[in-house]
Amino acid sequence: MTPIQAKLELQYRLEQFYYREARLLDERQYQQWLGLLSEDVSYTMPSRHVAQTDNRLRGREDFLAVEHELSPAGAGGAPLREENYFVLAIRVERAFKMNSWAENPPARTRRFVSNVELLSEGGDGDYQVCSNFMLHYSRHGRDNYTYSGQRRDILREVDDSFKITRREIILDWSVIVAPTVGLFF
């Protein structure tokens with residue numbers, strides 16, 4: 001296989017992984033989705049704010065960097081979500097409980113994944129991947145909401161598939177107008 005063919009095959013496998021993940025979540029197959037995560041997963045969603053401009057950076061691309069809008073961990077900025085495998089497993093199990101009134105009846109969701117880009121390959125089978133998403137969220141008798149943003153993932157190659165070892169969700173919103181950010185992105 002030529003290097004370009006190998007790259008195309010890897011790109012195809014990455015995209016298929018993300019499409020399968022979206023389908024599992026939309027079909028509420030949360031336990032199967034949990035199987036796509038490594039047990040050492042870090043799942044975070046930093047809060048976003050309107051950043052003050054740093055005129056010392058004017059004229060450089062760094063002046064406009066999205067990172068300036070994200071609340072840094074441990075620097076007084078509280079993330080919207082900061083979870084590990086244990087917390088995600090509890091959230092998955094809770095979805096099937098009768099007393100899970102917040103999702104009874106369950107919301108309807110539809111996820112769209114695009115712009116899947118392989119940023120780097122580690123020699124240890126880890127891949128840094130960036131993707132964009134749109135998530136349509138509909139509750140019965142209520143308004144519909146659309147979430148959009150970017151996911152920054154580290155995927156680890158395991159057998160013939162991947163496991164998510166790190167996910168950072170960057171919402172496009174700085175003010176949350178939807179009823180929840182307790183969804184799986």
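From a predicted model like this one, the values you see are computed outputs, not experimental measurements.

> I tried to follow the pattern of salt bridges on my own but got confused; where do I start?
Oppositely charged side chains are able to pair whenever their charged atoms sit close together. The final tally for this structure, using the stated rule, is 13 salt bridges. Salt-bridge contacts for arginine 156 lead to aspartate 40; the nearest nitrogen and oxygen are separated by 3.5 Å. In this pair, arginine 156 is assigned in strand 5 (residues 144-158) and aspartate 40 in strand 1 (residues 37-45), connecting sequence segments 116 residues apart. Overall, arginine 156 belongs to the partly exposed group, its relative accessible area being 28%. When the shortest N-O distance is used, the salt bridge between glutamate 168 and arginine 152 registers 3.6 Å. Placement of the pair is glutamate 168 in strand 6 (residues 161-171) and arginine 152 in strand 5, with a sequence separation of 16 residues. Comparing glutamate 168 with arginine 152 shows no difference in burial state: the two are buried. One salt-bridge network, in which partners are shared between bridges, spans Glu21, Arg151, Asp153 and Arg167.

> How should I be thinking about unusual backbone geometry in this particular structure?
Phi angles above zero are rare outside glycine, and arginine 28 is one such case at about 60°. Take arginine 28: it is sitting in the loop between helix 1 (3-26) and helix 2 (30-34). Accessibility expressed as a relative area gives 34% for arginine 28, which makes it partly exposed.

> Looking at this structure, how should I read the packing of aromatic side chains?
The description of an aromatic ring pair rests on the distance of the ring centres and on the angle between the ring planes. Using the criterion set out here, one finds 10 aromatic pairs in the structure. Judged by centre distance (6.3 Å) and plane angle (85°), the ring pair of tryptophan 33 and tyrosine 43 falls under edge-to-face. Placement of the pair is tryptophan 33 in helix 2 and tyrosine 43 in strand 1, with a sequence separation of 10 residues. Aromatic rings pair up to connect Phe133, Tyr137, Tyr147, Trp173 and Phe185 into one cluster.

> How should I be thinking about the environment of serine 148 in this particular structure?
If you trace the backbone, serine 148 turns up in strand 5. Once the C-alpha coordinates of serine 148 and arginine 111 are considered, the two residues, 37 residues apart in sequence, prove to be 9.7 Å apart. If we ignore the near neighbours within four places in the chain, the residues touching serine 148 are Phe133, Met134, Ile170, Leu171 and Asp172. There is a polar contact of 2.7 Å between the side chain of serine 148 and the side chain of aspartate 172.

> It is not clear to me how helix 1 should be interpreted in this structure. Could you clarify?
For an α-helix, the turn length of 3.6 residues means that residues three or four places apart are oriented alike. Spanning 24 residues, helix 1 covers 35 Å between terminal C-alpha atoms, matching the ideal 34 Å at 1.5 Å per step. For helix 1, every residue scored as buried is listed here: Leu10, Leu14, Phe17, Tyr18, Glu21, Ala22, Leu24, Leu25 and Asp26. Those residues of helix 1 that are buried are in contact with helix 2, strand 3 (108-121), strand 4 (126-138), strand 5 and strand 6. Just downstream of helix 1, arginine 28 is the residue with a positive phi angle, here 60°.

> Would you take a moment to explain the environment of leucine 24 for this structure?
Mapped onto the elements of the fold, leucine 24 is located in helix 1. Owing to a relative accessible area of 1%, leucine 24 belongs among the buried residues under this scheme. On a C-alpha basis, the gap between leucine 24 and leucine 34 in space is 9.8 Å, while along the polypeptide they are 10 residues apart.

Each value, and the rule that gives it
- Along each chain, residue indices are assigned from 1 in the same order as the chain's sequence is written.
- Residues qualify for local features only when their pLDDT is at least 70, as the model is predicted, and side-chain atom pairs are given and counted only at 80 or more; totals for whole chains, interfaces and linings, by contrast, use all residues.
- Excluded from the side-chain calculations are hydrogens and water; all other atoms, namely the structure's heavy atoms, are used.
- Whenever Lys or Arg places a side-chain nitrogen within 4 Å of a carboxyl oxygen from Asp or Glu, that contact is recorded as a salt bridge.
- Secondary structure elements follow DSSP: runs of H or I no shorter than four residues count as helices, runs of E no shorter than two count as strands, and numbering proceeds from the N terminus.
- Only protein chains enter the accessibility calculation, which uses a 1.4 Å probe; a residue whose area is less than 20% of its type maximum is buried, one above 50% is exposed, and one in between is partly exposed.
- Two rings from Phe, Tyr or Trp (for Trp, the six-membered ring) form a pair when their centres are within 6.5 Å of each other. A pair whose planes differ by under 30 degrees is stacked, one over 60 is edge-to-face, and the rest are tilted.
- Throughout, a contact is declared for two residues whenever any of their heavy atoms are within 4.5 Å.
- Each polar contact in these results corresponds to two N or O atoms within 3.5 Å; when the atoms are within protein, one needs to be able to donate a hydrogen and the other to accept it, and residues that are neighboring in sequence are counted only if both atoms are side-chain atoms.
- In this analysis, the expected span of each helix is defined as 1.5 Å times one less than the number of residues it contains.

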